[in-house]
Number of protein chains: 4
Amino acid sequence: MEFGRLDEIRDDLTALYKDLHAHPELSFQEHRTAAEVARRLEALGLEVTSGVGRTGVVGVLRNGSGPTVLLRADFDGLPVQEQTGLEYASTQRATSSDGSDVPVMHACGHDMHVTCLLGALDLLSDSRSSWSGTVVAVFQPAEEFGTGAQAMLDDGFLERFPRPDVCLGQHVFPFESGFVGMMSGPSMSAADSLKITMFGRGGHGSQPQNTVDPVVMASATVLRLQTVVSREVAGDDTAVLTVGSIRAGTKENIIPDQAELLVNIRSFDERVRERVLAAVHRIVRAEAVASGAEREPEFEQLTRFPLLVNDPEAASRTSSALRATFGDHVVDLPPAMASEDVGLFGTAAGVPTCYWFFGGTDSARFQEAVAADNVARAIPANHSPHFAPEVEPTLTTGVKALTSAAIEWLGTRG
Amino acid sequence: MEFGRLDEIRDDLTALYKDLHAHPELSFQEHRTAAEVARRLEALGLEVTSGVGRTGVVGVLRNGSGPTVLLRADFDGLPVQEQTGLEYASTQRATSSDGSDVPVMHACGHDMHVTCLLGALDLLSDSRSSWSGTVVAVFQPAEEFGTGAQAMLDDGFLERFPRPDVCLGQHVFPFESGFVGMMSGPSMSAADSLKITMFGRGGHGSQPQNTVDPVVMASATVLRLQTVVSREVAGDDTAVLTVGSIRAGTKENIIPDQAELLVNIRSFDERVRERVLAAVHRIVRAEAVASGAEREPEFEQLTRFPLLVNDPEAASRTSSALRATFGDHVVDLPPAMASEDVGLFGTAAGVPTCYWFFGGTDSARFQEAVAADNVARAIPANHSPHFAPEVEPTLTTGVKALTSAAIEWLGTRG
Amino acid sequence: MEFGRLDEIRDDLTALYKDLHAHPELSFQEHRTAAEVARRLEALGLEVTSGVGRTGVVGVLRNGSGPTVLLRADFDGLPVQEQTGLEYASTQRATSSDGSDVPVMHACGHDMHVTCLLGALDLLSDSRSSWSGTVVAVFQPAEEFGTGAQAMLDDGFLERFPRPDVCLGQHVFPFESGFVGMMSGPSMSAADSLKITMFGRGGHGSQPQNTVDPVVMASATVLRLQTVVSREVAGDDTAVLTVGSIRAGTKENIIPDQAELLVNIRSFDERVRERVLAAVHRIVRAEAVASGAEREPEFEQLTRFPLLVNDPEAASRTSSALRATFGDHVVDLPPAMASEDVGLFGTAAGVPTCYWFFGGTDSARFQEAVAADNVARAIPANHSPHFAPEVEPTLTTGVKALTSAAIEWLGTRG
Amino acid sequence: MEFGRLDEIRDDLTALYKDLHAHPELSFQEHRTAAEVARRLEALGLEVTSGVGRTGVVGVLRNGSGPTVLLRADFDGLPVQEQTGLEYASTQRATSSDGSDVPVMHACGHDMHVTCLLGALDLLSDSRSSWSGTVVAVFQPAEEFGTGAQAMLDDGFLERFPRPDVCLGQHVFPFESGFVGMMSGPSMSAADSLKITMFGRGGHGSQPQNTVDPVVMASATVLRLQTVVSREVAGDDTAVLTVGSIRAGTKENIIPDQAELLVNIRSFDERVRERVLAAVHRIVRAEAVASGAEREPEFEQLTRFPLLVNDPEAASRTSSALRATFGDHVVDLPPAMASEDVGLFGTAAGVPTCYWFFGGTDSARFQEAVAADNVARAIPANHSPHFAPEVEPTLTTGVKALTSAAIEWLGTRG
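Computed from a predicted structure; not experimentally measured. (Residues numbered from 1 in each chain as written. Chains lettered and ligands numbered in written order. Predicted model: local features only at pLDDT ≥ 70, side-chain atom pairs only at ≥ 80, totals over all residues. Heavy atoms only, no water.)

Engineer: Can you tell me about the overall build of chain A, naming the residues and giving the values?
Structural biologist: Per the secondary structure count, chain A includes 12 helices and 19 strands. In terms of C-alpha radius of gyration, chain A reaches 23 Å, essentially the compact-globule figure of 22 Å for 414 residues. Burial analysis of chain A (414 residues in total) assigns 63% to the buried set. Averaged over its 33 positive side-chain charges, chain A has a centre that lies 4 Å from the centre of its 55 negative ones. (Helix = DSSP H or I, 4+ residues; strand = E, 2+ residues; numbered from the N terminus. Rg over C-alpha atoms; globule rule 2.2 N^0.38 Å. Buried < 20%, exposed > 50% of the residue type's maximum accessible area, 1.4 Å probe, protein only. Lys, Arg positive; Asp, Glu negative; His and termini not counted. Charge placed at Lys NZ, Arg CZ, Asp CG, Glu CD.)

Engineer: Tell me about the relation of the copies chain A and chain B, residues and numbers included.
Structural biologist: Mapping between the two copies of the chain is achieved by a rotation about an axis and a shift along the axis. The transform that puts chain A on chain B rotates by 180 degrees and translates by 0.0 Å along the axis, for an RMSD of 0.1 Å. On this basis, the relationship between the two copies can be described by a two-fold rotation axis. Most of the interface of chain A is mirrored in chain B: 100% of its interface residues are interface residues there too. (Least-squares fit on C-alpha atoms with pLDDT ≥ 70 in both. Contact = heavy atoms within 4.5 Å.)

Engineer: Give me the lowdown on the interface of chain A and chain B, citing residues and values where you can.
Structural biologist: Taken together, the contacts link 40 residues of chain A with 40 residues of chain B. Interface area, chain A with chain B, both sides summed: about 3,300 Å², of which 57% is carbon and sulfur. When the buried area of chain A at its contact with chain B is split by residue, A:Ile246, A:Arg247 and A:Glu252 rank highest and sum to 19% of it. Seen at the junction of chain A and chain B, the total is zero salt bridges. For the interface between chain A and chain B, the tally reads 14 residue pairs in polar contact (both at pLDDT 80 or more). Listing elements by their share of the side of chain A that touches chain B, those giving two or more residues are helix H6 (214–232), strand E12 (239–248), strand E13 (254–255), strand E14 (258–267), strand E15 (298–305) and helix H11 (375–378) of chain A. With eight residues, E12(A) is the largest single contributor of residues to the side of chain A that touches chain B. Pairing of E12(A) with strand E12 (residues 239–248) of chain B, which is carried by three bridges, proceeds in the antiparallel orientation. Among the inter-strand pairings, A:Ile246 is bridged to a residue of E12(B), identified as B:Ala248. (Buried area = accessible area lost by both parts, 1.4 Å probe. Salt bridge = Lys/Arg side-chain N within 4 Å of Asp/Glu carboxyl O. Polar contact = N/O pair within 3.5 Å; in protein donor to acceptor, adjacent residues only side chain to side chain. Pairing = 2+ DSSP bridges.)

Engineer: Run through the relation of the copies chain C and chain B, naming residues and quoting values.
Structural biologist: When chain C is fitted onto chain B, the two copies agree to an RMSD of 0.1 Å after a turn of 180 degrees and an axial shift of 0.0 Å. Residue by residue, 100% of the interface of chain C is reproduced at the interface of chain B, so both copies engage with the same surface.

Engineer: Run through the pairing of strand E1 (residues 47–52) of chain D, naming residues and quoting values.
Structural biologist: All names here are of chain D. In this sheet, strand E2 (residues 56–63) lies alongside E1 in antiparallel orientation, the contact comprising five bridges. Along E2, the bridge assignment pairs Glu 47 with Val 60. In this structure, the hairpin formed by E1 and E2 is closed by a connection of three residues, where Gly 53 is found at a positive phi of approximately 65 degrees.

Engineer: Describe the interface of chain C and chain B, listing the residues and the values that go with them.
Structural biologist: Note: interface size is frequently given as the accessible area lost on complex formation between the parts. Listed as interface residues are 18 residues of chain C and, on the opposing side, 18 residues of chain B. Of the roughly 1,300 Å² buried where chain C meets chain B, counting both sides, 49% is carbon and sulfur surface. Among the residues chain C hides against chain B, the three largest losses belong to C:Gln226, C:Arg231 and C:Gly235. Together they make up 34% of the total. Taken together, the links from chain C to chain B amount to two salt bridges. Measuring nitrogen to oxygen at the nearest pair gives 3.3 Å for the salt bridge that ties B:Arg271 to C:Asp373. Counting residues per element, the ones that place at least two in the side of chain C that touches chain B are helix H6 (214–232) and strand E12 (239–248) of chain C. In terms of residues, the side of chain C that touches chain B owes the most to one element, H6(C), which gives six residues. Looking at side-chain class alone, the side of chain C that touches chain B contains seven nonpolar, six polar and five charged residues. (Nonpolar A, V, L, I, M, F, W, Y, C, P; charged D, E, K, R; others polar.)

Engineer: So what's going on with the packing of helix H1 (residues 4–22) of chain A against helix H2 (residues 31–43) of chain A? Residues and values would help.
Structural biologist: Residues and elements named next belong to chain A. Contact geometry of H1 with H2 gives a least axis separation of 11 Å together with a crossing angle of 160 degrees. One finds that H1 runs roughly antiparallel with respect to H2. In terms of crossing hand, the pair formed by H1 and H2 is right-handed. Residue-level inspection shows Asp 12, Leu 16, Asp 19 and Leu 20 of H1 in contact with H2, the latter providing Arg 32, Thr 33, Glu 36 and Arg 40. The class makeup of the residues in the contact of H1 with H2 is two nonpolar, one polar and five charged. (Axes fitted to C-alpha atoms, helices over the stretch in contact; angles between N-to-C directions. Parallel < 35°, antiparallel > 145°, perpendicular 65-115°, else oblique. Left-handed = near helix turned anticlockwise from the far one by under 90°.)

Engineer: How would you explain the UniProt feature "domain: Peptidase M20 dimerisation" (unreviewed entry) in chain A if you had to name every residue and give the values?
Structural biologist: The UniProt feature table records "domain: Peptidase M20 dimerisation" (unreviewed entry) at residues 193–289 of chain A. In residues 193–289 of chain A, the share of helix is 40% and the share of strand is 32%. The end C-alpha atoms are 23 Å apart. (UniProt positions renumbered as here; feature names shortened; annotations may be inferred.)

Engineer: Account for helix H2 (residues 31–44) of chain D, with residues named and values stated.
Structural biologist: If you check H2(D), its first and last C-alpha atoms are 20 Å apart, about what 14 residues at 1.5 Å a residue would give, namely 20 Å. Once H2(D) ends, the next one or two residues include D:Gly45, with phi positive near 90 degrees. (Expected span 1.5 Å × (residues − 1).)

Engineer: An account of the side chain of B:Gln226 is requested, with residue identities and associated values reported.
Structural biologist: Residue and element names in this part refer to chain B. Along the chain, Gln 226 turns up in helix H6 (residues 214–232). We classify Gln 226 as buried; its relative accessible area is 2%. A distance of 3.1 Å separates the side chain of Gln 226 from the backbone oxygen of Val 222, its partner in a polar contact.

Engineer: Give me the domain arrangement of chain A: which residues, what numbers.
Structural biologist: Residue and element names in this part refer to chain A. Taken as a whole, chain A is organised into domain 1 (4–187 + 307–412) and domain 2 (190–304). Domain 1 and domain 2 are separated by 36 Å when their C-alpha centres are compared. Contact with domain 1, which involves 10 residues of that partner, is made by nine residues of domain 2. For the pair domain 1 and domain 2, the summed buried area comes to about 740 Å², and 67% of that belongs to carbon and sulfur atoms. (Domains from an automatic or database assignment.)

Engineer: Kindly report on the nonpolar core, identifying the contributing residues and their values.
Structural biologist: The biggest cluster of nonpolar side chains holds 128 residues, and the ones touching the most others in it are A:Leu241, B:Leu241, C:Leu241 and D:Leu241. Beyond its immediate sequence surroundings of up to four residues, A:Leu241 is in contact with A:Leu225, A:Val228, A:Val229, A:Val263, A:Asn264, A:Ile265, A:Val276, A:Val280 and D:Arg231. (Core = buried A, V, L, I, M, F, W, Y, C linked by side-chain atoms within 4.5 Å.)

Engineer: Any details on the sheet that holds strand E10 (residues 190–199) of chain A? Residues and values, ideally.
Structural biologist: Think of a sheet as strands paired side by side through backbone hydrogen bonds, with each pair either parallel or antiparallel. Pairing within the open sheet is antiparallel, and its eight strands lie in the order E15(A)-E10(A)-E14(A)-E12(A)-E12(B)-E14(B)-E10(B)-E15(B). A strand with exactly one partner marks an edge of an open sheet, and here the two such strands are E15 of chain A together with strand E15 (298–305) of chain B. In this sheet, neighbouring strand axes are inclined to one another by 25 degrees on average, regardless of whether the strands run parallel or antiparallel. On the sheet, H6(B) packs against E12 of chain A together with strand E10 (190–199), E12 and strand E14 (258–267) of chain B and is oriented at approximately 175 degrees with respect to E12(B).

What follows is the structure in structure tokens.
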């Protein structure tokens, strides 16, 4: 496939990327981004629908008979204070869903996703003589909540737009820019986030016998929760259970009334996931009983990301297409301990999903870190205040990858 | 002893009490209170010195040769939101030492202490023909910090004012109003408050292997700290170790960098105290090592209250004097698991301290709670937002107790 | 009182003591000891009944009208391998109640108790002209099980023998020989011993996910049990909870089926005792649930010693009598964290108990340890393989103490 | 390949198998087994060397020029009380290396390994016209200790016998008999077994303050060790850490002097293994410090099994050969959480290892368990007292597999 058109639009895409990066918006607040996306989709001649799943945008590019290919980019930012020092770094702030004023940053590269998808749509639109079929471009809100894809589906996505035959998407990741990485089978972990409140009975710090100490209760629970992975998950299964936050009390000599734990669970297998969740509930309840709690703990599900499964055949076919474009810059990746809701579209439609990573880290810097064996520490990962993809060759790679994959799944003409 | 004068001033004292209650001030911010105290001391004819130990006030009443008796009242309030529903409840707010805006309440009865001491000074001043010697009235700031007495001593208290032969004081407590309770020997616990910061290394919740998890580190520490009392303090020694607060992290899928524990330790014996403190340091450091921490934990001493020892002979002598006034309404009390810095005056001067409690709870209500065996739950204790002494007979009891005890220790005049 | 007779029998008593020491017998197996006791009681002219409560012996010395005084000595040994190096050290072995072959030693001084009581009975018999009343001498089996006194009571003790007006007894203890120590009120702790079996599900060490790991379950339980004393017992109450043994598994790569804990609980107050026992049951059950155990833990009460309360008036009266004999070698002792079933006789009869300690440690050695502040480490305590009272002045002290106390409570004649 | 000869010798092999099963011997005590093996090797015409690595036997079958193929069987039993109920069940007992009298059982199928290798050698000897090269048959002692292969290597194995070009071996496993399972890459876990002794200071259970309680120390350590897998091993790495035994104390009211933990660690990556081992040492030492131990814990390495890596090319080549014999009864297996020292031969010689499993469970029984989803519970695994391979078709499968694989790697003739 030829990518000559990309040279004509690269400067515009670069400017767009920097503008998006400087103007990140929180989940379900992506109004400015959505408007810009819609404007550009219309300019490319697509049928545009805004407000799908609150702030999502869908563009449809019809080009005769043939397969329907869904291309998806997510477009929300994060409540992170950018520290990249870039000239186009974000200084935005916003009101988060809990009412607090927070900084906002594109700390997960969704600005790059949007830019690459718009670039790919331009190329596809420009080359429509060479393929036939339908492209459904999905600009999804609130991926960071794990609820944006479901919001679009709940808003009638499958009924309102052409039903896809395959769902494609990509994510920029902290490995070498210019490379594309493909996974097969279970590819990104399911993730469940829980807020657990444990109830004691407060009192004066000198009289614990008149209290039920929630600090001890919560601490014992945290230790006991370590046994879930160490004892209840097989060595060759995969699960991670993290208590990211424990909070109880404000003063040294006052035993508080309750404690709060925030828990995150990653898994790659529904049976493992269910066993871990059951163990968490069992342990938390039992530790409350052990402390003599007079009230049952409360569990609130904060987010739930599904397991992302790359259909093996779709992954293989897509991988071949990418190799035709990138040669040996396409690599196989193991499953990632990260989570995504992109798979919900394919699951809902009953069609394969294929999702890949493309590198965002400067090549020399990455090689240096590999040589020093400190990639995990030296290269800022997604969600870091220092996360910022090298614009090139990242942008070019992302546009070409999406275009190549789409063409592969669309019908060829002529 | 005759207390006829009390009938003349009771209304004024009651009004003073309610005014003080409605206008509590935080530790070392007791400016309004100090001014009122100074004004009244001058009106009574005492030599008055303000600003001793920042906001303390000292009044000296000289009445010929004879013993010097120190009478002490503390006068700071607490950052508590009053919930008594009294007509004279506090609605005050103030800026606490850490800069935050907080409610203020006389939740520990120091307003009653001030009122009773002023009442006693009036009676002593009025009856000076019947005794000889010197009364040094100490209105101490910042008892709640455990640092007010030391601040006055550091400000030259012993050099600037007549050196006492005995130090007397009293505290209102949630038992039956009209009763006085005397302790002997070690009477109120030493208390040490520590802020402990433990350092991990943060990271993504899905990759604990790249972090040192401070949530687990702090939780293991809390559990291990339970062994200090269970294993290192003899069954017949007394110590209480409470972790009043544990705080780490803000988000479920981010492993934070550090955790903070607030710890309070009560003891009645310096050897026990030292062993407990050493054990806390040892355990915290070892648990950090167990977690693989790369940085030593940090310990900050927040407050330190000394052990209060009532000199047994002074307690016995004072008790006899109180019995002459109150008959069988004087009771022996066991040591209290609460803390006070009043003892520092006697320790610094090398003279006996005698400190007692006087009841503040309505008699019927107290008896009812006793009968129902739920005193600890039914009667609001000091520091509770519901703590409020019954004005009478509490005020009368406090004035008479202080006056009777002072007279006992002063010289009698023919 | 005159003790001239003691000089005549001291050599015989010393020989008896060494013979008993060399021939200790386990609880409820004290046949040789009982026979020797019975023989000597008969020689002294008492009415003798053997086999009371299996192996106990009761001697009654009637001497006219007057009070009935119970004097009690226990006479069982312990399964300890003697390491005193004494010429009369025990080399005995016996079959313990669980069928195993064990060494036996008088490691708790019961041989001294028997000798002193026989000496006192000789003196009382010899001096019967100076007193009137009845002496009931109780040689009790199985004190170490905590069940011997109850066994005698269950065997009709109160119905078969003269009902006592007071119960007296004594115990040799590792303080200075020649001294007697008296307690008042709650004097020796209640003690409950439990065997707890927790059930997991075994399996291969590499596949914990197919097991319920009892090693983790029991370890978590031990840690959680530390919170009973640290959080549920008031600082000024007294309780000790010790897990003396934890046992699970035999091989590193096999997860066993169950774990066993042996727990000992000391307390001085029935409410504290009940709360601690309830907490132990609650925690053990909850930790089993936390582990996902499929079977409830099992609790077996191994021994139960009651709280020993010295009647304050009886203690005071006895103390005065002892002071008449020993002068300032009678001291007040705080409650002891040790346990005794002697009190069951007084409780059953509804009469006061008075029990005291007498020192067994060489005076110089004891003073040296005091000076070096290492009494707890330097002086072998009861149950140690090195425990051995100095024969004199321990024996003389024990005989005189028992005789003096008995005379005090008996009627005087003439 | 033709296996006609097998029909002639099957009865003899079956009898041999049952005889070996009835006469298991402990590691490094395999004298009877070794003698029988040597006798049969000589009968087959091999050059036989006994006593290699204490009790090992090596047979060399030279058949002209060509590759040298090592075939290995291990031949020790286990201290397990057989409960199979088979007519040829073992009733043997022996003195284990720690001096105790123990039952012995072929609970890991090594009797089957020996039988199959002898059968394969018979077939190879019988068919030597069809291949050329050298077969080195290794009958290894003490596989259960993880030290037998090393003992043979330390005894000059590589110098004394023809150097192999490939090392082959097999293990009977609880899946369907008649099937062969092949792994590739890291195939069986490294396993490290440690005995850890933690030192406290004993004393009376009522006086924990005079002790350092090893029960609490060891229990806290067990809980903390759970964090190694939960926090220090990546979700997609594999490690299992099991504390198979915890033992401390014998009596409820005596705090013991020390505690013993037996720990088993499985891993598939040397970096993970080293990190886990380092964490175990760090945690154990730190928990001793947390308890105030006066003596460092002691670590004793009980066994150490290396990681078994099946060379991918060798596995692929061998697998093809097995497929030619068994068709679709050859399956790919994931890595096994079990350990083997067979790989040491290949590692020492610098040549590929290929090791496979063959099923030992009756087909119908296995399918039933699969259908009921309870294979782990229903099918006795290796080391179980109920483990017993179905003799057929297990024996036939094992002989054919070994012969087919050997022929593949030997030179073909004609």
